[in-house]
Amino acid sequence: MALVRWEPTREVDSLQSEVNRLFDSFFGAPARGSSARRWVPAMDLVETDDHLVLKADLPGLDRDDVSIEIKDGVLNVSGERRSEHEDKNEGYYRVERSFGSFSRSLSLPDGIDAEQVKANFEDGVLEVHVPKPAETKPHRVLIDPGNGSVEGSGTEKK
């Protein structure tokens, strides 16, 4: 068995690397060499008795910065949050807020009537209300008893 010399600085460096990796994966830090992070707004989808309700946090955006489109059964919410600082001469010590365009898509159930979808935008929160399609209930077909079959069962009498 070989003796290995314990080096506390190596252990601390290893711990620091693991903590950095954990923070990078949790907070979505950009890949090394990349200077910008991609902004993806948080969204919730809630199902009520008669609607699907999509809520999206879009701080810093106005109603004109957001577009909602339904095409081929897919609801697409897109927009852009622009950088607030225009002055190139002003130095920044640290910039953590992300800016840029985003696009989120959600597949909708079959039978959605796009004309009935409503949206409102208030205090940086977008709410899209999508009415659920009427449930397709099974239709019972009765079989004429005159042909030797049992009514409604689809089987013949023996």
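What you see is a predicted model, and the numbers here were worked out from it, not measured in a lab.

> How do you make sense of the environment of Asp57 when you look at a structure like this?
One can find Asp57 in strand 2 (residues 51–57). Look at Asp57 and you get partly exposed, because its relative accessible area is 41%. Counting along the chain gives 13 residues from Asp57 to Asp44, while the straight-line C-alpha distance between them is 8.9 Å.

> Help me understand a nonpolar patch on the surface in this model?
There is a patch of nonpolar side chains on the surface, built from Leu15, Val19, Leu22 and Phe23 and spanning about 390 Å² of accessible area. As for its position among the elements, Phe23 is in helix 1 (residues 8–27).

> I tried to follow unusual backbone geometry on my own but got confused; where do I start?
Where the residue is not glycine, phi is negative for most of them; where a peptide bond is considered, it is trans in most cases. Even without being glycine, Asp72 reaches a positive phi, approximately 55°. Mapped onto the elements, Asp72 comes out in the loop between strand 3 (66–71) and strand 4 (74–81). The residue Asp123 is not glycine, and still its phi comes out positive at about 55°.

Scoring rules and cut-offs
- Residues numbered from 1 in each chain as written.
- Predicted model: local features only at pLDDT ≥ 70, side-chain atom pairs only at ≥ 80, totals over all residues.
- Heavy atoms only, no water.
- Helix = DSSP H or I, 4+ residues; strand = E, 2+ residues; numbered from the N terminus.
- Buried < 20%, exposed > 50% of the residue type's maximum accessible area, 1.4 Å probe, protein only.
- Patch = residues over 30% accessible without salt bridge, like charges linked within 9 Å, V, L, I, M, F, W, Y side chains within 5 Å.
- Areas by Shrake-Rupley, 256 points an atom, 1.4 Å probe, with all protein chains shown as cover.
- Salt bridge = Lys/Arg side-chain N within 4 Å of Asp/Glu carboxyl O.

These values are about where atoms sit, not about what they do.
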